[in-house]
Structure formats: C-alpha cells, structure tokens
Amino acid sequence: AQKLIIDTDPGVDDAFAIALAALGSDVELLGVTSVYGNVPLSATTINARRLLALCKRPDVPVAAGAARPLVHRHPNEAGQVHGADGLSGRSAALPEPSRPLDERDAVTLMADLLEASDEPVTIAPIGPLTNIAALLAAHPATAEKIERIVIMGGALGHGNSTAAAEFNVWSDPEAAHRVLTGGEAPCVLVPMDLTYRCAVDAAWLGKLDSSGPIGAALHALTPDYREHYRGALGWDGMVIHDAVAVAEAILPGTLRTERVPVQVECSFGPGRGATHADRRLPALRASTDDSDPAAEVEVAVDTDLDALRGLLLD
Ligand code: BDR
Ligand code: CA
C-alpha cells in the first residue's frame, strides 16, 4: 500500500480527499497535518480531526501547522466558497474525535513519520504550501524518504483567486516556489485546469448520498460549496480539486503528466501567485531557457475523466 501524509485545509473538497485516503484499500495514511487556508487554522484542524472520526480512523494522528504564510500576511480565506466553518456550516454535525490533537507541530510530525518509515512516503499538500516549505527547510535530510510531493495547486490558464493565480499557490507563493523549485523531492503539480475538467455532477453526488452513512455525511457537507460551483461552472455540480490530486498520490499514473519547468511568480502585482509552466517544445525551450533545470516538475494535464469519477465514487 502507498504510504501517504496529507497536508490540508478542510475545505469541502479536502474532506473528499481525506475520505478517499482514509477509506482506500491501496493506501496507508500515516498522518494528517493542518494548515490555514480555506478557513483559519483552528477550524481546519478540528475539521480534519472530525473527518477522520467520521471515517473511523482514530489511529491516524493529526498535527496543527502554520497559521499564516511564510513571509507575507494575506487576509486570504475562502469561507465564501466552503462556508464560514469550511464545511458548509456542517462541521459541528460530524462526530467528535476520540483521539487528541497531536502534541507535535505539523512539521515535526511529518519529519518523525518520514524518519520512522522504512519505505518511501508520498506527501499530498492540498492547501497552501507553507508547512511543506518549512519541512524541507528545517529537515532537509528527510527529503530522501519522500517519494513524491503531489500538490493540488496552480493554474496553467486563468486562476480562481485572481485572474492569474490559483488559491493554494496564491495563499503563499514564496512557499510554493520553494517547494517546486528546491529540487529536494520530485513534485507533481495538479493544477485547477485539470481539476475543473474532473467536476462531478448532481447524479454523481446523488449516488454518493445513497452509498451509505459516510457517503451521506460527506454529501451533507456540500450545500454552500455546491452553490458556489453552480455559479462557477454554470451547471449543478462541483469541483473536488483535492480528491483528484489524492487519487494520483494513491495510484500513480491516474493522471497523465508532462515534465516541464515550473516557476511561481512572487512579485507583487496582477501576476502574483501565477505558476509559469514552460510547455514549449523542448527545442524552443532550449534556445531561450533561463529557468533552473532543477525546477522541472510533473504537471498533470489529462486523465480518463469517467474512470476517475468512478474511482472517486468507489
Ligand atoms: C484549492 O483551493 C481550495 O479552496 C480548495 O480546497 C483547493 O485545495 C482549489 O483552488
Ligand atoms: Ca484544500
């Protein structure tokens, strides 16, 4: 089974991603770390713990991480998308966790889990990249245990937080740049261009609702989020960005990727937080390339959409 750590800011689509990892048979979920993001850290942390309680996984430790970006402070939240508590106002209806919050901070828990593992571990960051940048900076030796960092984030075309930038990268561009260009561990970037194409519709959500108590509980978290995406998509459905990335983290090859250099725009101005993926033909790239070759990452560009939706529902 694939060993996995999830770093998350639940978040309705984070909830789907956590459930996928907590309930899947091909995955050994070692730990979950929380980060500020969709809602403040205190809310994302209790949401992560309640979601694991819903999935009956008291064996999985949860540790709290960063409450703000590495360098700059943004009042950057997405309560208007996910609901004020991050879960369409339904967080308190989830089961209370029996396992206490881990006493370690997120970075220490991740480092301890990596050091203790005798097999490589995949990390799936599905929120701002602050904790992951801090892990690589503070514990560089643990990088050799990291098989892949499969990131939900970035936009090849337009963004969602701004015209240029996707939410997770825009929340902490310096951290994203550090992780993607540091060369310490192989990165896979799952950008919103692809996650939007994997949106699920009302029929899919109906099947989830009638699949059993956990499916019904997940479905109950969706009303505010679904209402947002009704506007964003123009039809009744929703985008479960983070679950697409976690599917790839659990089953490598679920998404088709291209290996290209990626840099994050860290200047201030309308381009801040943009992910510049250089998808030119290699010959053209070679003629003008001034990017760092260490910054090549796998960017997810395509998948079998129906097969993926089926996999997520299963
Ligand atoms: C990302 O931003 C958050 O709102 C979602 O949970 C997802 O991780 C999509 O841009
Ligand atoms: Ca998220």
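Overview of the structure. Everything quoted here is computed from the prediction, not taken from an experiment.

**Details of the site of ligand 1**
Stage number 1. Near ligand 1 lie 16 residues; those nearest to it are Gly11, Asp13, Ala78, Phe167 and His241.
Stage number 2. Where the shell around ligand 1 is concerned, the elements lending two or more residues are helix H1 (12-23), helix H6 (167-171) and helix H12 (241-250).
Stage number 3. Considering only residue class, the shell around ligand 1 consists of six nonpolar, six polar and four charged.

**Re the nonpolar core**
Stage number 1. Residues Ile18, Val190 and Val246 are the most contacted members of the largest nonpolar core, which totals 97 residues.
Stage number 2. Broken down by element, this core gets its largest block of residues, nine residues, from H1.
Stage number 3. Setting aside residues no more than four positions away along its own chain, valine 246 makes contact with Ile6, Ala17, Leu20, Ala21, Ala124 and Ile126.

**Quick word on the sheet that holds strand E10 (residues 275-277)**
Stage number 1. An order of E3-E2-E1-E4-E5-E6-E11-E9-E10 is seen for the nine strands of this open sheet, with the pairing classed as mixed. Because the sheet does not close on itself, it has two edges, and the strands there are strand E3 (62-64) and E10. Across this sheet, the average inter-strand angle for adjacent strands is 30°, counted without regard to direction.
Stage number 2. The pairing of strand E9 (residues 255-264) with E10 spans three bridges and is classified as antiparallel. When the sheet's bridge partners are listed, valine 264 is paired in E10 with threonine 275.
Stage number 3. Strand contacts of H1: strand E1 (2-8) and strand E2 (27-34), with the helix running at about 160° to E1, the strand carrying the most contacts.

**Regarding unusual backbone geometry**
Stage number 1. The omega angle of the peptide bond from proline 10 to glycine 11 is -10°, so this bond is cis rather than trans.
Stage number 2. Tracing the backbone through its elements, the reader meets glycine 11 in the loop between E1 and H1.
Stage number 3. The backbone of lysine 56 shows a phi angle near 55°, a positive value even though the residue is not glycine.
Stage number 4. With respect to the helices and strands, the residue lysine 56 is situated in the loop between helix H2 (41-54) and E3.
Stage number 5. Taking the number of C-beta atoms within 10 Å as the measure of exposure, lysine 56 has 12 and is therefore exposed.
Stage number 6. Despite not being glycine, serine 88 has its phi angle at roughly 55°, a positive value.
Stage number 7. Following the sequence through the fold, serine 88 ends up in the loop between helix H3 (79-82) and helix H4 (106-116).
Stage number 8. Residue class for serine 88 comes out buried when judged on the 22 C-beta atoms lying within 10 Å of it.

**Considerations on the packing of H12 against helix H14 (residues 305-313)**
Stage number 1. Two numbers describe how H12 lies on H14: the axes approach to 11 Å, and their chain directions differ by 90°. Classified by the angle their axes make, H12 and H14 are roughly perpendicular. The residues of H14 that touch H12, namely those facing Ala243, Val244 and Ala247, are Leu308, Leu311 and Leu312.
Stage number 2. Here the residues of the contact of H12 with H14 sort into six nonpolar, no polar and no charged.

**Things to note about the environment of glycine 127**
Stage number 1. Structurally, the position occupied by glycine 127 is in the loop between strand E4 (121-125) and helix H5 (130-138).
Stage number 2. Residue glycine 127 is classed as buried on the basis of its C-beta count, with 31 C-beta atoms lying within 10 Å.
Stage number 3. Here the alpha-carbon distance between glycine 127 and phenylalanine 167, two residues 40 residues apart in the chain, equals 8.3 Å.
Stage number 4. Apart from the residues within four sequence positions on either side, glycine 127 is in contact with Asp7, Thr8, Asp9, Val35, Gly37 and Asn168.

Reading the values: rules and limits
- Per chain, residue numbering runs from 1 following the sequence as it is written.
- Written order decides the labels, with chains lettered from A and ligands numbered from 1.
- Only residues with pLDDT of at least 70 are given local features in this predicted model, and only at 80 or more are side-chain atom pairs given and counted; all residues enter the totals for whole chains, interfaces and linings.
- Placing a C-beta atom from the backbone of each residue, we mark the residue near a molecule or strand if the atom is within 6 Å of it.
- A helix here means a DSSP run of H or I that spans at least four residues, while a strand means a run of E at least two residues long, and both kinds are numbered starting from the N terminus.
- Throughout this entry, Asp, Glu, Lys and Arg are counted as charged residues, while Ala, Val, Leu, Ile, Met, Phe, Trp, Tyr, Cys and Pro are counted as nonpolar. The remaining residues, Gly among them, count as polar.
- Buried Ala, Val, Leu, Ile, Met, Phe, Trp, Tyr and Cys residues form a nonpolar core when they are connected through C-beta atoms within 7 Å.
- Here a residue counts as buried when 20 or more other C-beta atoms fall within 10 Å of its C-beta, as exposed when 12 or fewer do, and as partly exposed in between; the C-beta atoms come from the backbone.
- Residues are defined as contacting one another if the C-beta atoms placed from their backbone atoms lie within 7 Å.
- We treat two strands as partners when DSSP finds at least two bridges between them.
- Note on method: axes are straight lines fitted to C-alpha atoms, helices fitted across the in-contact stretch only, with angles between N-to-C directions ranging 0 to 180 degrees.
- Angle categories: roughly parallel below 35 degrees, roughly antiparallel above 145, roughly perpendicular from 65 to 115, and oblique for all the rest.

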